[in-house]
Amino acid sequence: MRTVSIIAASVLTGVAATSQADSRTFEKRLAANANGIVEVSNVAGIVNVIGWDRPEVEVKADLEEGVERVDVSTEGGRTLVKVVLRRDSRNGGEADLSVNVPRGSELTLITVSADIDVKQVFGTQRLKTVSGNVNTEVAGANAEINSVSGDIQVSGSGKPAAQRLNTVSGNVMLAHGAGDVEATSVSGDVQVEVNPAHSVRLRSTSGTLSFHGKLAADGALDAES
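Please read these numbers as outputs of a predicted model, since none were measured by experiment.

A.B. asks: Mind showing me how you'd approach the overall build of the protein chain here?
C.D. replies: In terms of regular secondary structure, the protein chain is built from one helix and 15 strands. For the protein chain, buried positions account for 37% of its 225 residues. The long-range share in the protein chain, meaning contacts at least 24 apart out of those at least 6 apart in sequence, stands at 34%.

Put into structure tokens, the structure is as follows:
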């Protein structure tokens, strides 16, 4: 029994060591323009972006096997955050990113199969994913959000802005929107709440359309399913 116990303990120790080797952490902070541009790209995992009052960009990440590194750089008011995979990685690699940016930043975020969550970022947002879900807050700035097979959920502030929300096989939901809204889905439901809106365009091929709220005096609603 002692021999079995020793072998079992050795095996568990080896598994723990392998797990620690496969999972790494990353952290970096850089000075950034309070109203600058922040661009983030990640292949798989999660990307959480939160706006704060500091003129800095902070990146924290949990990296799995297959991820070579995270590049973070800033120049001319533009900060770049990029997850780089190993060339010999057959199954790719996941990275869970947590990024703090100045609240006034203009945000561009591109992923393949990573979910996106954005809070307290007041600048223009351009968010794009292939098979991830998008959950974001917008506050009076324009937003363009695209997903192929994920859901899009947007919470507005009631301030007028241009919001373009498009997905192929996911659902689209906008709450507290205002201004000009375009929301489309091929095989998903589209639910929009605005107050007030100047122009609203809703499209779905095989989903349900739902509109709640008010239009401006010269506003227009165009809906088709």
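The discussion continues.
A.B. asks: What's the story with the side chain of Glu 58 in this structure? I'm lost.
C.D. replies: Relative to the helices and strands, Glu 58 is located in strand E3 (residues 56-63). For Glu 58, a relative accessible area of 8% gives the class buried. A distance of 2.5 Å separates polar atoms of two side chains, one belonging to Glu 58 and the other to Arg 29.

A.B. asks: What is the right way to read a nonpolar patch on the surface from this model?
C.D. replies: The grouping of Val 112, Val 130, Val 148, Val 168 and Val 186 at the surface amounts to a nonpolar patch, some 350 Å² of accessible area in total. Structurally, Val 168 can be placed in the loop between strand E12 (161-167) and strand E13 (172-185).

A.B. asks: Mind showing me how you'd approach the pattern of salt bridges here?
C.D. replies: Close approach of charged atoms allows side chains with opposite charge to pair. All told, the structure shown has ten salt bridges when counted by the stated rule. A salt bridge links Asp 222 to Arg 203; the nearest nitrogen and oxygen atoms lie 2.8 Å apart. In this pair, Asp 222 is assigned in strand E15 (residues 209-224) and Arg 203 in strand E14 (residues 190-204), connecting sequence segments 19 residues apart. Judged by its relative accessible area of 17%, Arg 203 falls in the buried class. Arg 203 is paired through a salt bridge with Glu 224; the nearest N and O atoms lie 3.4 Å apart. On the criterion of sequence distance, the pair formed by Arg 203 in strand E14 and Glu 224 in strand E15 is long-range, its members being 21 residues apart.

A.B. asks: For this particular structure, what's the right way to read the nonpolar core?
C.D. replies: Grouped burial of nonpolar side chains is what soluble globular proteins tend to show. Formed by 42 residues in total, the largest nonpolar core has its most connected members in Val 40, Val 49, Leu 107, Leu 109, Val 118, Leu 127 and Val 192. Element by element, the count of residues in this core is highest for E14, at six residues. If sequence neighbours within four positions are ignored, Val 192 has contacts with Leu 174, Val 181, Ala 183, Leu 202, Ser 210, Phe 211 and His 212.

A.B. asks: Help me understand the side chain of Thr 111 in this model?
C.D. replies: Relative to the helices and strands, Thr 111 resides in strand E7 (residues 106-119). Judged by its relative accessible area of 3%, Thr 111 falls in the buried class. A polar side-chain atom of Thr 111 sits 3.0 Å from the main-chain carbonyl oxygen of Ala 114. Beyond its immediate stretch of four places on either side in the chain, Thr 111 contacts Asn 42, Val 43, Val 47, Ile 116, Lys 128, Thr 129 and Val 130.

A.B. asks: Teacher, can you tell me more about the pairing of E14 here?
C.D. replies: Put simply, side chains in a regular strand alternate between the two faces of the sheet. Pairing geometry for E13 and E14, over eleven bridges, is parallel. Bridge pairing in E14 places Val 181 opposite Val 200. Two strands pair when backbone bridges link them, and E14 and E15 are joined in this way by eleven bridges, in the parallel orientation. By the bridge assignment, Val 200 is partnered in E15 with Leu 221.

A.B. asks: Would you explain the environment of Val 101 in this entry?
C.D. replies: Tracing the chain through its elements places Val 101 in strand E6 (residues 94-102). Residue classification places Val 101 among the buried residues on the basis of a relative accessible area of 0%. Setting aside anything within four residues of it in sequence, one finds Val 101 in contact with Val 38, Val 49, Ile 50, Gly 51, Trp 52, Glu 56, Val 57 and Val 121.

About the cut-offs
- Residues numbered from 1 in each chain as written.
- Predicted model: local features only at pLDDT ≥ 70, side-chain atom pairs only at ≥ 80, totals over all residues.
- Heavy atoms only, no water.
- Helix = DSSP H or I, 4+ residues; strand = E, 2+ residues; numbered from the N terminus.
- Buried < 20%, exposed > 50% of the residue type's maximum accessible area, 1.4 Å probe, protein only.
- Contact = heavy atoms within 4.5 Å.
- Polar contact = N/O pair within 3.5 Å; in protein donor to acceptor, adjacent residues only side chain to side chain.
- Patch = residues over 30% accessible without salt bridge, like charges linked within 9 Å, V, L, I, M, F, W, Y side chains within 5 Å.
- Areas by Shrake-Rupley, 256 points an atom, 1.4 Å probe, with all protein chains shown as cover.
- Salt bridge = Lys/Arg side-chain N within 4 Å of Asp/Glu carboxyl O.
- Core = buried A, V, L, I, M, F, W, Y, C linked by side-chain atoms within 4.5 Å.
- Pairing = 2+ DSSP bridges.

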